Structure formats: structure tokens, C-alpha cells
Amino acid sequence: MLPACSGDEITVSDEQDIFFEVNYVNYAWGYQNNGFLIDKSGRVHTFDKPKDWKFAGSGPITLAEMDARLSKTTVANYKVPAGELAKYIDELKRVSDKEFTDPVNAGADMGASAYYVYRYDASTKTYNAVLLQSVGDNNVYNKDSDAKEIAEWLVEVRQKLL
């Protein structure tokens, strides 16, 4: 069972390769789908309109599906420093998946940037995404303090890729 609140910890499997994802999607004025995944070595895997992309919020992602997603990415020049990566993986262990703000409309035709952490279940070989925040047309935030801190860090990582 996953933890209900910040402070409870999950165990991170040595088999887990992907820990974080940022995904921007917009269907207005032409389809856009881009973002990045961060692996256990700190490599940042970017993607831009990959074909047949399974979205993080659509349910569990099997190991084979995650491998297929990775095959549609390009490794960026930027790599997350080891100490920084370890800090946020440690925080990921405590992120709750229970309490979120109500969606607030913030605009139209902006699309949405969604920020996730992944939990890997070694027994079923599946990844489960936990939303940290989604900002754009509608804003939703995970109320967990660790989720907020990781989301702010992922915004900084995203800026380094621009």
C-alpha cells in the first residue's frame, strides 16, 4: 500500500530506472506533446511529439511500455548532478498521492504542463505516476509539501533545457 501522507516512506526498488517526468500537452492551434524523463543516473531524456505515447496519468505503465517510451527520447546534454538527484529521489519516497487542490481555471488554449514522480512496483513490473502539479488551462496541485518542493525543482530543470 502506498503512503497516505508526507512523512510515510515507500521503498524505492533497485530495478526502478525512471523517477521523474514533465510533460506539456496542448491540442489548440496544432498538437503539441513534449517534455522529459529523468532516469536513475540523472540523464534527462527529452521527447517532442512521440508517436503512440502512453501518458503518465492514464494508468500504470508496464516496464515494456516505459522502455518503448524511452526509445522515443533523446538524451539531453544536461545531466542532473548526483547529489541533487539523490536528494529528490529521497523526497519522492514521501510524496502523498491522496490530497490535491480543486482544479482552478487559469486560461484557455494554454495546454497543460504536468509534473510527476514515479513509483515502481517490482512485483508487477509497473510504474505508477503520482501527480505533483498540473499548470496551464486548469491548475491542480498536490497538497504534499515534498510534492511542492520536487515540482519547483523540476521547473528549474525544465528551464535548464531551454
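Before going into details, it helps to say that this report is about the structure given with it. Nothing here was measured: the structure is a model prediction, and the numbers come from that model. (Residues numbered from 1 in each chain as written. Predicted model: local features only at pLDDT ≥ 70, side-chain atom pairs only at ≥ 80, totals over all residues. Heavy atoms only, no water.)

Some points on the packing of aromatic side chains
Rules: Aromatic rings from Phe, Tyr and Trp, taking only the six-membered ring of Trp, are treated as a pair when their centres fall within 6.5 Å; an angle between ring planes under 30 degrees marks them as stacked, one over 60 as edge-to-face, and anything in between as tilted. In this scheme, a residue with accessible area under 20% of its type's maximum is buried, one over 50% is exposed, and one in between is partly exposed, where area comes from a 1.4 Å probe on protein chains only.
Applying the stated criterion to the full structure yields 7 aromatic pairs. Ring geometry for Tyr 27 against Tyr 31: centres 5.3 Å apart, planes inclined by 40 degrees, an arrangement best described as tilted. Exposure remark for Tyr 27: the relative accessible area of 60% places this residue in the exposed category. Within the aromatic cluster, the residues linked to one another by ring pairs are Phe 19, Phe 20, Tyr 88 and Trp 153.

A look at the nonpolar core
To keep it simple, the criterion reads: The criterion is simple. A nonpolar core is a set of buried Ala, Val, Leu, Ile, Met, Phe, Trp, Tyr and Cys residues joined through side-chain atoms within 4.5 Å. Numbering goes from the N terminus for both helices and strands, where a helix is a DSSP run of H or I of at least four residues and a strand is a run of E of at least two.
In this structure, Phe 20, Ile 38, Leu 132, Ile 150, Trp 153 and Leu 154 are the most contacted members of the largest nonpolar core, which totals 25 residues. Of all elements in the fold, only β1 (18-26), β2 (32-39), α2 (82-92), β7 (112-121), β8 (126-136) and α3 (145-161) reach the threshold of two or more residues within this core. In terms of residue count, α3 provides more of this core than any other element does, 6 residues in total. Core analysis: the next-biggest nonpolar cluster, separate from the first, contains 14 residues, Phe 47, Ala 56, Ala 114 and Tyr 120 among them.

So, the environment of Glu 152
Summarising the element assignment, Glu 152 is placed in helix α3. Of the residues examined, Glu 152 reaches a relative accessible area of 41% and is grouped as partly exposed. Residues Glu 152 and Lys 93, spaced 59 residues apart in sequence, show a C-alpha to C-alpha distance of 17 Å.

Overview of the pairing of strand β9 (residues 138-141)
Filter applied, for reference: Here, a strand pair is defined by DSSP locating no fewer than two bridges between the strands.
In the sheet, strand β6 (residues 104-105) pairs with β9 via 2 bridges, with the strands oriented antiparallel. In the strand pairing of β9, Asn 105 is matched with Asn 138. Examined bridge by bridge, β8 and β9 share 2 bridges and lie antiparallel to one another. Residue pairing for β9: Gln 133 is matched across the bridge by Tyr 141. What sits between β8 and β9 in their antiparallel hairpin is a turn of 1 residue.

Thoughts on α2
Here is the rule: Along the arc lie the directions from the helix axis toward the C-beta atoms.
Regarding α2, the residues found buried are Leu 85, Tyr 88, Ile 89, Glu 91 and Leu 92. Taken end-on, α2 shows its buried residues confined to a sector of 160 degrees, consistent with a single buried face. Those residues of α2 that are exposed and aimed more than 90 degrees away from the buried face are Ala 82 and Gly 83.

Considering α3
Just so we agree on the cut-off: Multiplying 1.5 Å by the helix residue count minus one yields the expected span of that helix. Pairs of N or O atoms are called polar contacts if they sit within 3.5 Å, as long as, within protein, a hydrogen donor faces a hydrogen acceptor (for residues adjacent in sequence, only side-chain-to-side-chain pairs).
Helix length check: α3, at 17 residues, gives a terminal C-alpha distance of 25 Å against a target of 24 Å (1.5 Å per residue), a fit within 8%. Among all positions in α3, only Asp 146, Ala 147, Ile 150, Ala 151, Trp 153, Leu 154 and Val 157 are buried. Along the axis of α3, the buried positions cluster into a sector of 165 degrees, meaning they face one direction only. α3 presents Ser 145 and Lys 148 as exposed residues on the side facing more than 90 degrees away from its buried surface. Structurally, the start of α3 carries an N-cap: the backbone nitrogen of Asp 146 is 2.7 Å from a side-chain oxygen of Asp 144.

Notes on the pattern of salt bridges
Side chains carrying opposite charge are able to pair once their charged atoms draw close together. For clarity, the cut-off: The term salt bridge refers to a pairing of a side-chain nitrogen on Lys or Arg with a carboxyl oxygen on Asp or Glu at a separation within 4 Å.
Tallied over the entire structure, the rule returns 12 salt bridges. Notably, a salt bridge pairs Lys 87 with Glu 149, separated by 3.3 Å at the nearest N-O pair. Of this pair, Lys 87 sits in helix α2 while Glu 149 sits in helix α3, and the two are 62 residues apart along the sequence. Take Glu 149: its relative accessible area is 30%, and that puts it in the partly exposed class. Connected through salt bridges with shared partners, the residues Asp 90, Lys 93, Arg 94 and Asp 146 form a single ionic network.

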